[in-house]
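Structure at a glance
Here's the letter readout for the chains.
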Amino acid sequence: MGWNNWNAFGCDVSESLLLSTSEQLVSLGLRDLGYQYVVLDDCWQKESGRDQHGKLQPEPKKFPNGLKSISDRLHEQGLKFGMYSSAGEMTCARYAGSLDHEIDDAESFASWGVDMLKYDSCYHMGRIGTPLISFNRFKTMSDALQKTGRNVLLNLCNWGEDFVHTWGMSIANSWRMSGDIYDSFTRPDDLCGCDPTVISDPFCIAPGTHCSVLFILNKIAPIADRSIPGSFADMDMLEVGQGGMTDEEYKAHFALWAALKSPLFLGNDVRAMSASSYSIVNNPAILALSQDPHGRALTRVRRDAGPDVAKDQWGVGETHVWSGYLDNGDEAVVFLNAGAADLDDMSCSLAEIFTAFGPGGSAPHVQHDWAVYDLWAHRMSEATAAGIIAAATAEERAALLKKADWFNATETSYAEGLRNGDPRLFGEKIGVVEAGGVLRAPVKSHAARVFRLRRIAKYGETFKGKSIDRVARDEL
Ligand code: GLA
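Residues numbered from 1 in each chain as written. Predicted model: local features only at pLDDT ≥ 70, side-chain atom pairs only at ≥ 80, totals over all residues. Heavy atoms only, no water.

In the annotation of an unreviewed UniProt entry, the protein is listed under the name Alpha-galactosidase and assigned to Apiospora kogelbergensis. Comment text from UniProt for the protein, heading Catalytic activity (unreviewed entry), reads "Hydrolysis of terminal, non-reducing alpha-D-galactose residues in alpha-D-galactosides, including galactose oligosaccharides, galactomannans and galactolipids." (UniProt positions renumbered as here; feature names shortened; annotations may be inferred.)

This is how it looks when you write it as structure tokens:
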């Protein structure tokens, strides 16, 4: 989790941008919710390229004190420093790339105190076309980073090419699986060219840009189970707060990225954040899905795109149900309505929700009662969020966060909070689905509902070390 400058600033990077942002991350409490990596994307180099010793050089007008001073400052603030290069002769914005310079460049990154490398794939000199060719090209940097002895998280960015979902986890901590996201919920665009529902599409050779939230969801659906703890499919940086989507759309985008275990990189200008954006990305009950110790993504158990689903103007109206197991035995469920009309009654049976444990209702889970928790129920109020943003000093902000009793993952990890049943991570109980039953909820157009199902013990059983009588059961 962290922040990356690309979506909001593109090539307009500088020391002052990074350091003014890092101050905001700390004082808004975002670092303490887990947003730790401050990532400098493309365009940080001198246009003249490498120096006479073959080393990469930061542009002094943008970084007058060099890069080590930035990482030192970030480390003092309890943050981490991420940087960017490409496994090509040039980066995507045509600065010097690291292909065939991996050892030199890994040494530079380590000497600057870098903690994460986003490693792109532009200008690859034709070294693409089979999984093995791409694997070897990226592995060279993975090995070079290891050789420096510094612990550097590696984020591959080859947009799903050459079946990265089958090999990325051997050499990297995350791997981009689509072309670049843009700030739209459903709008298709020719520049994001591949058929999202056909993962093996042989013509998907240019994953491109302008990929909508819905496109990325459809593209990840068949490979969502490939993310494992330590190496996750990267659905690209967040667009929350950029202005192109509605509040409900941003909530759905954020919650699905969290539930699918995508890295969460804020992509907006956090120095000019609205209260509504802030209160989306600071929701600890949603973040606890992202940081759940089980570390596996939800998978899609249902997609309806037939004539019954209201289409929007682009003809992409559809609904999804995503579900997945969580470390403590709870089940996360997301109802997504990407259609043009509000749905009063979206539904999914327990049999379908628990398909992963046995199809056709054979999962034992279907025979239990489940309490339903709404994970957006305790979103920070607009007034509290606006008050924190408007506070004049970092001290005032800290006091307001304390008053709001906001979750602090630096003090208590999500794993511990979940183990202790910290109510801030569980939203609010809104109902019960009985054994063999159906989860139902209204879902507005272009919105998602996000639930945690918690098993209700049966009378007479011993559950979580407690023997269950009527009183105990009623407490659950
Ligand atoms: C590619 C990547 C983006 C960004 C740009 C920078 O398009 O996919 O995320 O890093 O390059 O040029």
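1. Side note on the sheet that holds strand β13 (residues 369-374)
On the basis of which strands lie adjacent, the open sheet formed by 6 strands has the order β9-β10-β11-β16-β13-β14 and antiparallel pairing. Sheet topology places β9 (299-304) and β14 (428-433) at the edges, where each strand pairs with a single neighbour. Neighbour-to-neighbour, the strand axes of the sheet open up by a mean angle of 25 degrees, direction not taken into account. Taken together, the 5 bridges between β13 and β14 define a ladder with antiparallel strand orientation. The residue of β14 that forms the bridge with aspartate 374 is glutamate 428. Packing of helix α7 (residues 213-220) onto the sheet brings it into contact with β9, β10 (319-325) and β11 (331-337), and relative to β10 it is tilted by some 55 degrees. (Pairing = 2+ DSSP bridges. Helix = DSSP H or I, 4+ residues; strand = E, 2+ residues; numbered from the N terminus. Axes fitted to C-alpha atoms, helices over the stretch in contact; angles between N-to-C directions. Contact = heavy atoms within 4.5 Å.)

2. Digging into the packing of α7 against helix α8 (residues 247-259)
In the contact formed by α7 and α8, the axes pass within 11 Å of each other and the chain directions differ by 25 degrees. Our classification of the angle between α7 and α8 gives roughly parallel. Here α7 and α8 pass one another in a crossing that is left-handed. On α8, the residues touching Val213, Ile216 and Leu217 of α7 are His253, Leu256 and Trp257. (Parallel < 35°, antiparallel > 145°, perpendicular 65-115°, else oblique. Left-handed = near helix turned anticlockwise from the far one by under 90°.)

3. Concerning the pattern of salt bridges
If you walk through the whole model with that rule in mind, you get 28 salt bridges. Between arginine 424 and aspartate 422 there is a salt bridge, with its nearest N and O atoms 2.8 Å apart. Each member of the salt-bridge network shares a partner with another, and the members are Lys55, Asp104 and Glu107. (Salt bridge = Lys/Arg side-chain N within 4 Å of Asp/Glu carboxyl O.)

4. Brief notes about the sheet that holds strand β8 (residues 265-266)
Pairing is parallel in the open sheet, where 8 strands are placed in the order β7-β6-β5-β4-β3-β2-β1-β8. With partners counted over all chains shown, the strands left at the sheet margins are β7 (232-234) and β8, one partner each. Strand direction decides the pairing type here: strand β1 (residues 2-4) and β8, joined by 2 bridges, are parallel. By the bridge assignment, tryptophan 3 is partnered in β8 with leucine 266.

5. Side note on the nonpolar core
Among soluble globular proteins, nonpolar side chains are generally buried collectively. Grouped together as the largest cluster of nonpolar side chains are 112 residues, with contacts concentrated most on Tyr35, Trp44, Phe254, Trp257 and Trp322. Here this core gets 8 residues from one element, more than from any other, and that element is α8. Both domain 1 (2-290) and domain 2 (299-378 + 427-475) contribute no fewer than three residues apiece to this core. (Core = buried A, V, L, I, M, F, W, Y, C linked by side-chain atoms within 4.5 Å. Buried < 20%, exposed > 50% of the residue type's maximum accessible area, 1.4 Å probe, protein only. Domains from an automatic or database assignment.)

6. A look at the domain arrangement of the protein
Domain boundaries assigned for the protein yield domain 1 (2-290) and domain 2 (299-378 + 427-475). Here domain 1 and domain 2 have C-alpha centroids that lie 32 Å from each other. With 28 residues of domain 1 at the interface, the matching set in domain 2 holds 23 residues. For the domain 1 face of the interface with domain 2, the top three residues by lost area are Leu214, Glu248 and Leu289, together amounting to 21%. Across the contact surface, domain 1 and domain 2 share 1 salt bridge. Put simply, lysine 444 and glutamate 248 hold a salt bridge, and the shortest N to O gap is 3.8 Å. Between the two partners, domain 1 and domain 2, sit 6 residue pairs in polar contact (both at pLDDT 80 or more). Elements that contribute at least two residues to the side of domain 1 that touches domain 2 include exactly α7, α8, α9 (275-281) and α10 (284-290). Top element by residues in the side of domain 1 that touches domain 2 is α8. It accounts for 8 residues. Residues of the side of domain 1 that touches domain 2, tallied by class, amount to 18 nonpolar, 5 polar and 5 charged. (Buried area = accessible area lost by both parts, 1.4 Å probe. Polar contact = N/O pair within 3.5 Å; in protein donor to acceptor, adjacent residues only side chain to side chain. Nonpolar A, V, L, I, M, F, W, Y, C, P; charged D, E, K, R; others polar.)

7. As for the packing of aromatic side chains
One pass over the structure, following the stated rule, counts 12 aromatic pairs. An angle of 85 degrees between the planes, with centres 5.9 Å apart, marks the rings of phenylalanine 135 and tryptophan 167 as edge-to-face. In this pair, phenylalanine 135 sits in helix α5 (residues 131-148) while tryptophan 167 sits in the loop between β5 (153-157) and α6 (168-171), placing the two residues 32 residues apart along the sequence. Site record: aromatic cluster; members linked through ring pairs are Tyr119, Phe135, Phe138 and Trp167. Sitting above the plane of the tryptophan 376 ring, lysine 251 keeps its charged end 5.4 Å from the centroid. Its end group placed over the ring of tyrosine 373, arginine 454 keeps NZ or CZ at 6.0 Å from the ring centre. (Phe/Tyr/Trp six-rings, centres within 6.5 Å; stacked < 30°, edge-to-face > 60°. Lys NZ or Arg CZ within 6 Å of the ring centre and 35° of its normal.)

8. Side note on the site of the ligand
Residues in close proximity to the ligand total 13 residues, the closest being Asp41, Asp42, Lys118, Asp120 and Asp180. Taking lysine 118, its side chain carries an N or O atom lying 2.7 Å from an oxygen atom of the ligand. Protein chains bury 93% of the 310 Å² of accessible surface belonging to the ligand in isolation. Grouping the constituent residues of the shell around the ligand by class yields 7 nonpolar, no polar and 6 charged. (Near = heavy atom within 4 Å. Areas by Shrake-Rupley, 256 points an atom, 1.4 Å probe, with all protein chains shown as cover.)

9. Things to note about the pairing of strand β4 (residues 116-120)
Most of β4 is tucked away, with 5 of its 5 residues classed as buried. Here β4 shows no split at all, with Met116, Lys118 and Asp120 on one side and Leu117 and Tyr119 on the other all buried. By the bridge criterion, 5 bridges tie strand β3 (residues 80-86) to β4 in an arrangement that is parallel. Looking across to β4, one finds that serine 86 is bridged to aspartate 120. Following the backbone out of β3, through helix α4 (residues 102-111) and into the adjacent parallel β4, one traces a crossover that is right-handed. Bridge count between β4 and β5: 5 bridges; the pairing is parallel. Looking at the pairing, leucine 117 lines up with leucine 154 of β5. On the question of chirality, the crossover connecting β4 to the parallel β5 by way of α5 is right-handed. (Right-handed = clockwise from strand over helix to strand, strands pointing away.)

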